[in-house]
Every structure is written in C-alpha cells, then in structure tokens.
Amino acid sequence: MIRTYLLFCFLCFILSAHAQQPQLKRWHGKKAAVVLTYDDALEVHLDNALPVLDSLGLKATFYISAAASGSKNRIQDWRRAAANGHELGNHTLYHPCDGAKPGRSWVSSINDLSKYTLAELMRELDMTNTFLEALDGKRERTFAYTCGDTETSEGSFIDAISTQFVSMRGVHNQLNKIETINLKNIDCHPVDEGNAGQLIQWAEQARKENALLVILFHGVGGGHSINCDLKNHREFLKYLKKNENDFWVTTMLEASKHCIELKKK
Ligand SMILES: [Zn+2]
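A. Seen up close, the packing of helix α7 (residues 199-209) against helix α8 (residues 230-242). Between α7 and α8, the shortest axis-to-axis distance is 9 Å and the interhelical angle comes to 25°. For the element pair α7 / α8, the angle class is roughly parallel. From α7, Leu199, Ile200, Ala203, Glu204 and Arg207 reach across to α8, where they touch Asn232, Glu235, Phe236 and Tyr239. Here the residues of the contact of α7 with α8 sort into 5 nonpolar, 1 polar and 3 charged.

This is how it looks when you write it as structure tokens:
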C-alpha cells in the first residue's frame, strides 16, 4: 500500500515537473519572423542601411566577403556594428561564383567557382571565419552562398561545409516554413529595383503563413547594380517596427538557432 502511494507521488512529481517546463513558442509568440540580410560588405550598408536599422533598434545580418574593399576599408565600422548586436556572416574571402552558368561572363578566371577545388573553397571560408572572429570575437557563424552557387569542380560542397556553420542562406525566392525549412540552403527574397515595392507584401504573406521571411539586399541607395532605393528600404523597416507585435525581426544566427530548437520538439 505504502509502495503504491509512493509510486503515485513520484508520478505526480514527474508530471508536474514536465508541465512546468516552459514551452518554446514559435517566433517567440509572434506571427512571423523576418531576417534582413545585406550581402557583399558594401560601404552603403554602413552609410545608408545601418543608420536606419539603428534608429529603429532593428538588428540585421551582414554577409561579408573579407577581401572586398568595403570590408577592408571599414574594419572599425564593421566591428562597431557587431558590438551593437548586428551579425557578421561569412560570404567567402574573394566571392567566387560559377562562371560556367549562363550570363556569367563577368566572372574572372581566378574567381570562377566552377574551377575551384573543394580544398580551395574551404580555406577561403576558414580565413574569412578567422577575419570575422577578429572583428566580433565569435565562433558561431552563418554563411551565404555567393551568387547562390553550391558547387565547385568537384560537385556540391553543401554537406562538406555544413559542419562549419549554424545555417547557410541560398537565393531561392520563397518563404521558409518551420516544418520544411532547409537550414543548409535557407530561402530568401532578393531585392532589386523591380520588386522593392513588394517588400511589405512579402511580409504580409509571411504573417499570414506564420513563416520566416529572409530578405536579401545588395545596394541600398546605390553601391551595386542590384539596388533597393532608400525610400522603399526605409519604409519597409519602419513598417516592421510599427508591426513589431507580429514580427520577430532578428539575425540569421538567432532565427536559425530558434528553428533548430523548435525542430527538436
Ligand atoms: Zn554576394
């Protein structure tokens, strides 16, 4: 009898302890998540995008190609951005792209990813991680595929590099759902002059679908042939701030770690 009673008490204890465990809410209880990413270490990111982000208290992810002039010329500014809570992500050292693809005549021979070996790419990634660690002191890192390309002369490098990064961002034009997100090739909406007016529509769709929206900016108010004008950029960020009860605006690293935790449930 006593033994049954003790067993009953033990089971009650286990059940109540389980009930007290905080449940991780999707997107921290908000309807959608938004990650703003800025590629290629452009100086306009520091001069045009960062002041708007900081004035609204929004954090973003900057994918840095370490050898780019906008990286080397502005080391202290990138260091300050990281200290202020923004993420510095790995976008290789020299930004190689697959020159064998159609429309890639602009890719120089030494920067042609289709001629790289895996070992050559790996050492670029390693050097860039070291460079970024010197700026922000961190070892956890996310990655963005240059030009969205995932193959060297030796085939796909996705699995080979995945152990070095919490997640990797591709360029596919889709929202990410928690049930189906591929952390080795996260989808995003690349922005150019033709679609910059649709930024808010994408966010509305993400809110409707409880999805993760990742935005990819290159030029902001200039600085790159793929450009988002200052007005659309500013209005989108102000919209996110105004609707912050519904949108969790965060870095790629934080969003990815959140997805990993949710998938464990
Ligand atoms: Zn790039």
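Okay, back to it.
B. Examining the state of the cysteines more closely. Summed over the entire model, instances satisfying the criterion amount to 1 disulfide. One disulfide bridge connects Cys97 with Cys147, the sulfur atoms lying 1.9 Å from each other. Given an S-S torsion of about 75°, the disulfide between Cys97 and Cys147 has right-handed geometry. Highlighted residues: Cys97 in the loop between β3 (87-90) and α5 (118-136) and Cys147 in the loop between β4 (142-144) and β5 (151-152), separated in sequence by 50 residues.

C. Here's a closer look at α7. Turning to α7, its buried residues number three or more, namely Leu199, Trp202, Ala203, Ala206 and Arg207. Each buried residue of α7 lies within a common arc of 140° when the element is viewed along its axis, so the set occupies one face. Turned more than 90 degrees away from the buried face of α7, the exposed residues are Gln201 and Lys208. Looking at the buried positions of α7, the neighbouring elements they touch are β1 (32-39), β8 (189-190), β9 (212-217), β11 (227-228), α8 and β12 (247-250). Within two residues after α7, Asn210 carries a phi angle of roughly 50°, on the positive side.

D. Representation of the coordination of the zinc ion within the structure. Taken together, Asp40 (OD), His91 (NE2) and His95 (NE2) make up the protein donors of the zinc ion, found 2.0 to 2.1 Å from the metal. Mapped onto the sequence, the residues coordinating the zinc ion show the spacing D-x50-H-x3-H. With Asp40 in the loop between β1 and α2 (43-56) and His91 in the loop between β3 and α5, the pair connects residues that are 51 residues apart, well separated along the chain.

E. Just the environment of Lys101, in detail. Along the chain, Lys101 turns up in the loop between β3 and α5. The exposure class assigned to Lys101 is partly exposed, which follows from its relative accessible area of 35%.

F. Main features of unusual backbone geometry. Within the chain, Asp40 stands out as a residue other than glycine whose phi angle is a positive 90°. For Asp40, a relative accessible area of 12% puts it in the buried group. Backbone geometry at His95 places phi at a positive 55°, although glycine is not the residue there. The topology assignment puts His95 in the loop between β3 and α5.

G. Main features of the packing of aromatic side chains. Taken as a whole and judged by the stated rule, the model has 8 aromatic pairs. Aromatic side chains Phe236 and Tyr239 sit 6.4 Å apart centroid to centroid with 15° between the ring planes, which places their arrangement in the stacked category. Here Tyr239 and Phe236 lie together in helix α8, a separation of 3 residues that amounts to about one turn. Their ring planes at 50° and their centres at 5.8 Å tell us that Tyr239 and Phe247 sit as a pair that is tilted. For Tyr239, a relative accessible area of 11% puts it in the buried group. One aromatic cluster in this structure is built from Tyr38, Phe62, Trp78 and Phe217.

H. Just the pairing of β9, in detail. Most of β9 sits out of view: 6 of its 6 residues are buried. Residues Leu212, Val214 and Leu216 line one face of β9 and the alternating positions Leu213, Ile215 and Phe217 line the opposite face, and both faces are buried. Where β1 meets β9, 6 bridges bridge the pair, whose relative direction is parallel. Looking across to β9, one finds that Leu36 is bridged to Ile215. In the sheet, β8 pairs with β9 via 2 bridges, with the strands oriented parallel. Bridge pairing in β9 places Pro190 opposite Leu216. Chirality of the crossover, the property in question, places the unit of β8, α7 and β9 among those that are right-handed.

The rules behind these values
Residues numbered from 1 in each chain as written. Predicted model: local features only at pLDDT ≥ 70, side-chain atom pairs only at ≥ 80, totals over all residues. Heavy atoms only, no water. Axes fitted to C-alpha atoms, helices over the stretch in contact; angles between N-to-C directions. Helix = DSSP H or I, 4+ residues; strand = E, 2+ residues; numbered from the N terminus. Parallel < 35°, antiparallel > 145°, perpendicular 65-115°, else oblique. Contact = heavy atoms within 4.5 Å. Nonpolar A, V, L, I, M, F, W, Y, C, P; charged D, E, K, R; others polar. Disulfide = S-S within 2.5 Å. Buried < 20%, exposed > 50% of the residue type's maximum accessible area, 1.4 Å probe, protein only. Arc of directions from axis to C-beta. Donors = N, O, S within 2.8 Å, 3.2 Å for Na, K, Ca; no water. Phe/Tyr/Trp six-rings, centres within 6.5 Å; stacked < 30°, edge-to-face > 60°. Pairing = 2+ DSSP bridges. Right-handed = clockwise from strand over helix to strand, strands pointing away.

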